[in-house]
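Analysis of the macromolecular model
Take a look at the letters that make up each chain.
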Amino acid sequence: MKLDQVSIDKSQYKAVVIGGSAGSFQIITKILSEINPKFDLPIFMALHRLKHVRNGFIEALALKSNKIIAEPEDKEQIKRGMVYLAPANYHMYIELGNKIALSTEEMLNNSRPSIDLTFDTASYVYKNKIIGIILSGANKDGAWGMKKLKERGGLTIIQDPKDCTIDTMPTAALNITKIDLVLNPDNIVKFLNSLV
Amino acid sequence: MIEDIEISELRNLCQIVKEKYNYDFNNYAMSSFKRRVLRVLEIHKISSTLALIEKIKYDAAFFKVFLNEITVNVTEMFRDPSLWRDLRDKILPNLFSTHETIKIWHAGCSSGEEVYSMCILLKEMGLLHKVKIYATDIDEPILAKAKEGKYTIKNMIDVNEKNYIRLGGIQKLSDYYTETSGGFVKMNPSLVENVVYRSHDLVKSGVFNKFDLILCRNVLIYFNQQLQNDVFKMFHESLFNYSYFIIGSKETLIWSDVASKFIIVNSEEKVFKKVKE
């Protein structure tokens, strides 16, 4: 489906969850720098990152960001308009009661943070009121989480594999679940800003 | 494969476990607890939560297996090397400037990697003989593993040794273990001569001694805030005044009832000092 053909009730959405890996840094910074500062849904980001490097990543993302971006502490209250980045070497779960929980459980798809687990827990809490976006990446993490998100009525978006540095991740999602929108980076930003 | 469990089913499971075995999982954090239960169903090919409840009800041996898999036993040596540097350069020297001997509690020690980290650090500081360490966990089989000190070579090299190098350890990590068959290593047992391993459930076992340093890192993240608050109070009671308390780098106690009784010594590494009884 093309962006201008979308006829969805955009007011129903309460949260956005984004998964990315190799090749996604550029589009993440693009989203953060071009998103309308008034965008007030919480955004949860599970991005693959070096597990032993705790510092630097968030600072790099914050440089040109229009939004406040933070690595949550365990059981942190979710606030509107915030961007939450899964900390290095932790899984990030969305809990009932509007909280974020962290976990050091086993890696999944060789990843901690696991995109699947953030998508699964977020869609469990937000049901059909969530938007899931899978960006460029070199493994299949996120595909199962996207499937769960779709089953619970969420809206599924992938970065157009043609525009990805590495398209394994969005393609894996496309292969196992129905994707509502396949968008290039400009249109991902345009879509998010249309929610404001 | 079962992909989801109703909260009501988890409640029923917790109730049976509490009635039958006196372990209380009611205040465990929901997402991770559900994931652990799903994992048990998958590993043991159990068809439903109801079937799991029946199995637990009538099979005490299986309950031990369940307990082992419900608790998260993923740990590493010298996780967050910057914390271990802080321990070596500031916290431990500070404690030993006023103490001849100290008592340390590793609460929720799991398979014991952090206990070995501490013992290696203390040995390199020449202080190992001046320390008494208590290492506790809810899960007895994992305590036996911790005591045994047998780890995979893969983990030693891929994770633990890298952390040790980042910390700036003065030896090679391989000086502290010998390779055994089947891809395992055995840690040098003399490292843990002063360690007492004992079973302890943070939910119900309570205070059992007083300590100069307590480490409980990435354990309370599996509890909800109500239970975290209770456990923070128990830790506060278990600490001498002016002693140290360390939690995981993304955990906090600032919202808890005992927050005003601690000061923050290192906000990055989550090192707190008790300053009020």
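Residues numbered from 1 in each chain as written. Chains lettered and ligands numbered in written order. Predicted model: local features only at pLDDT ≥ 70, side-chain atom pairs only at ≥ 80, totals over all residues. Heavy atoms only, no water.

**With respect to the overall build of chain B**
Our working rule: Helix numbering and strand numbering both begin at the N terminus, where a helix is a DSSP run of H or I of at least 4 residues and a strand a DSSP run of E of at least 2. For the radius of gyration, the atoms used are the C-alpha atoms, and the globule rule reads 2.2 Å times the number of residues raised to 0.38. A simple rule labels every residue: compare its accessible area, found with a 1.4 Å probe on the protein chains alone, to the largest value its type can have, and call it buried under 20%, exposed over 50%, or partly exposed in between. Only heavy atoms enter the contact rule, under which two residues are in contact if any of them lie within 4.5 Å. The accessible surface values rely on the Shrake-Rupley method and a 1.4 Å probe; as for residues, cover is taken only from the protein chains in view.
A count of helical and extended segments in chain B gives nine helices and ten strands. The C-alpha radius of gyration computed for chain B amounts to 19 Å, which stays within 12% of the reference 19 Å derived for 277 residues, consistent with globular compactness. By residue count, 53% of the 277 residues in chain B fall in the buried class. Contacts in chain B between residues far apart in sequence, at least 24 positions, make up 74% of those at least 6 positions apart. For chain B, the exposed area adds up to about 11,900 Å²; of that, 50% sits on carbon and sulfur atoms.

**Overview of the state of the cysteines**
All names here are of chain B. In plain terms, the rule: Cysteine sulfur atoms are paired as a disulfide whenever they come within 2.5 Å of each other.
Counted by the stated rule, this structure contains zero disulfides over all chains. With no disulfide of its own, Cys119 lies closest to Cys109 among cysteine sulfurs, the gap being 11 Å. Cysteine Cys216 shares no disulfide, and the gap to the nearest cysteine sulfur, in Cys109, comes to 11 Å.

**Digging into the domain arrangement of chain B**
Residues and elements named next belong to chain B. As a reminder of what qualifies: The domain limits used here are those given by an automatic or database domain assignment. Accessible area, probed at 1.4 Å, shrinks when two parts are joined; the buried area is that loss added up over both. Throughout this description, the term salt bridge denotes a Lys or Arg side-chain nitrogen within 4 Å of a carboxyl oxygen of Asp or Glu. What qualifies as a polar contact is a pair of N or O atoms within 3.5 Å, subject to a donor-acceptor requirement within protein and to the restriction that residues adjacent in sequence count only when both atoms come from side chains.
On domain assignment, one finds that chain B holds domain 1 (7–70) and domain 2 (81–274). Contacts between domain 1 and domain 2 engage nine residues on the former and 13 residues on the latter. For the pairing of domain 1 and domain 2, the buried interface totals around 1,000 Å² over both sides, and the portion due to carbon and sulfur atoms is 53%. Our count for the contact surface shared by domain 1 and domain 2 stands at zero salt bridges. The tally of links from domain 1 across to domain 2 stands at four residue pairs in polar contact (both at pLDDT 80 or more).

**A closer look at the interface of chain A and chain B**
Contacts between the two partners involve 33 residues from chain A, matched on the other side by 36 residues from chain B. Carbon and sulfur atoms make up 41% of the surface buried where chain A meets chain B, a total of about 2,800 Å² over both sides. Along the contact surface separating chain A from chain B lie ten salt bridges. In this structure, the salt-bridge partner of Arg54 of chain A is Asp80 of chain B, at a minimum N-O distance of 3.3 Å. Counting across the chain A and chain B interface gives 24 residue pairs in polar contact (both at pLDDT 80 or more). For the side of chain A that touches chain B, the secondary-structure elements that each account for two or more residues are strand E6 (91–95), strand E7 (99–103), helix H3 (115–126) and helix H4 (143–151) of chain A. With four residues, H4 of chain A is the single largest residue contributor to the side of chain A that touches chain B.

**Concerning the environment of Gly154 of chain A**
All names here are of chain A. Relative to the helices and strands, Gly154 is located in the loop between H4 and strand E9 (155–159). A relative accessible area of 3% places Gly154 in the buried class. Counting along the chain gives 141 residues from Gly154 to Tyr13, while the straight-line C-alpha distance between them is 8.7 Å. Not counting chain neighbours up to four residues away, the residues in contact with Gly154 comprise Lys127, Asn128, Ile130, Leu149 and Asp180.

**Examining the packing of aromatic side chains**
By convention here, two paired aromatic rings are described through the distance between centres and the angle between planes. Note the threshold: Pairs were defined over the aromatic rings of Phe, Tyr and Trp, the Trp ring being its six-membered one, requiring ring centres within 6.5 Å. Orientation was assigned from the angle between planes: stacked under 30 degrees, edge-to-face over 60, tilted for the rest. Look at NZ for Lys and CZ for Arg. If either is within 6 Å of the ring centre and within 35 degrees of the ring normal, a charge sits over the ring.
A complete count under the given rule lists 25 aromatic pairs over all chains for this structure. Where Phe25 of chain B meets Phe66 of chain B, the ring centres are 6.5 Å apart and the plane angle is 80 degrees; that geometry is what we call edge-to-face. Pair noted here: Phe25 of chain B is in the loop between helix H1 (7–21) and helix H2 (30–43) and Phe66 of chain B is in helix H4 (residues 60–70), with a separation of 41 residues, a long-range link. Between Tyr134 of chain B and Phe208 of chain B, the aromatic rings sit 5.8 Å apart at their centres with planes inclined by 65 degrees, giving edge-to-face as the arrangement. Of this pair, Tyr134 of chain B sits in strand E2 (residues 131–137) while Phe208 of chain B sits in the loop between strand E6 (195–199) and strand E7 (211–216), and the two are 74 residues apart along the sequence. By relative accessible area, which is 12% here, Tyr134 of chain B ends up buried. Through successive ring pairs, a cluster of aromatic residues spans Trp105, Tyr134, Phe208, Phe211, Phe232, Phe235, Phe245, Trp255, Phe262 and Phe272 of chain B. Seen from the ring of Tyr124 of chain A, Lys34 of chain B lies directly overhead, with NZ or CZ sitting 3.3 Å from the centre.

**Remarks on the side chain of Ser243 of chain B**
Residues and elements named next belong to chain B. In this structure, Ser243 sits in strand E8 (residues 239–247). In this structure the side chain of Ser243 is engaged in a polar contact, spanning 2.3 Å, whose partner is the backbone oxygen of Phe240. Setting aside residues no more than four positions away along its own chain, Ser243 makes contact with Phe211, Asp212, Phe272, Lys273 and Lys274.

**Examining the pattern of salt bridges**
Under the definition given, this model contains 32 salt bridges over all chains. Between Lys270 of chain B and Glu73 of chain A there is a salt bridge whose closest N-O contact spans 2.4 Å. Taken together, the residues Lys270 of chain B in the loop between strand E9 (262–266) and strand E10 (271–274) and Glu73 of chain A in the loop between strand E3 (69–70) and strand E4 (76–77) connect one chain to another. Classification of Glu73 of chain A as partly exposed rests on a relative accessible area of 22%. One continuous salt-bridge network, built from bridges that share partners, spans Arg54 of chain A together with Asp80, Glu114, Arg217 and Glu269 of chain B.

**Topic: the environment of Met77 of chain B**
All names here are of chain B. Summarising the element assignment, Met77 is placed in the loop between H4 and helix H5 (81–98). Look at Met77 and you get buried, because its relative accessible area is 0%. Between the alpha carbons of Met77 and Phe245 there is a distance of 19 Å; along the sequence they are 168 residues apart. If sequence neighbours within four positions are ignored, Met77 has contacts with Glu113, Tyr116, Ser117, Tyr151, Met156, Asn160, Asn163, Leu173 and Met187.

**Describing helix H5 (residues 168–176) of chain A**
Residues and elements named next belong to chain A. Threshold: Taken from the helix axis, the directions to the C-beta atoms give the arc we talk about.
If you check which residues of H5 are buried, you get Met169, Pro170, Ala172 and Ala173. Along the axis of H5, the buried residues cluster in a sector spanning 155 degrees; they form a single face. At its buried positions, H5 is contacted by strand E1 (15–20), H3, strand E8 (130–134), H4 and E9.

**Concerning the sheet that holds strand E4 (residues 177–179) of chain B**
Strand pairing within a sheet occurs via backbone hydrogen bonds; the two strands may be parallel or antiparallel. Residue and element names in this part refer to chain B. Just so we agree on the cut-off: When DSSP finds two or more bridges between a pair of strands, those strands are recorded as paired. Geometry is summarised by axes, namely lines fitted to C-alpha atoms with helices restricted to the contacting stretch, and by angles between N-to-C directions that run from 0 to 180 degrees.
Taking strand neighbours across the sheet as the criterion, the three strands line up as E3-E5-E4 in an open arrangement whose pairing is antiparallel. Here the strands that pair on one side only, and so sit at the sheet edges, are strand E3 (150–152) and E4. Mean inter-strand twist for the sheet, computed between neighbouring axes without regard to direction, equals 30 degrees. As defined by bridge partners, E4 adjoins strand E5 (residues 184–187) across three bridges and the pair is classed as antiparallel. If you follow Thr178 over to E5, its bridge partner there is Lys186. Contacts between helix H8 (residues 153–167) and the sheet are confined to E3, E4 and E5, with E3 contributing the most and set at about 70 degrees to the helix.

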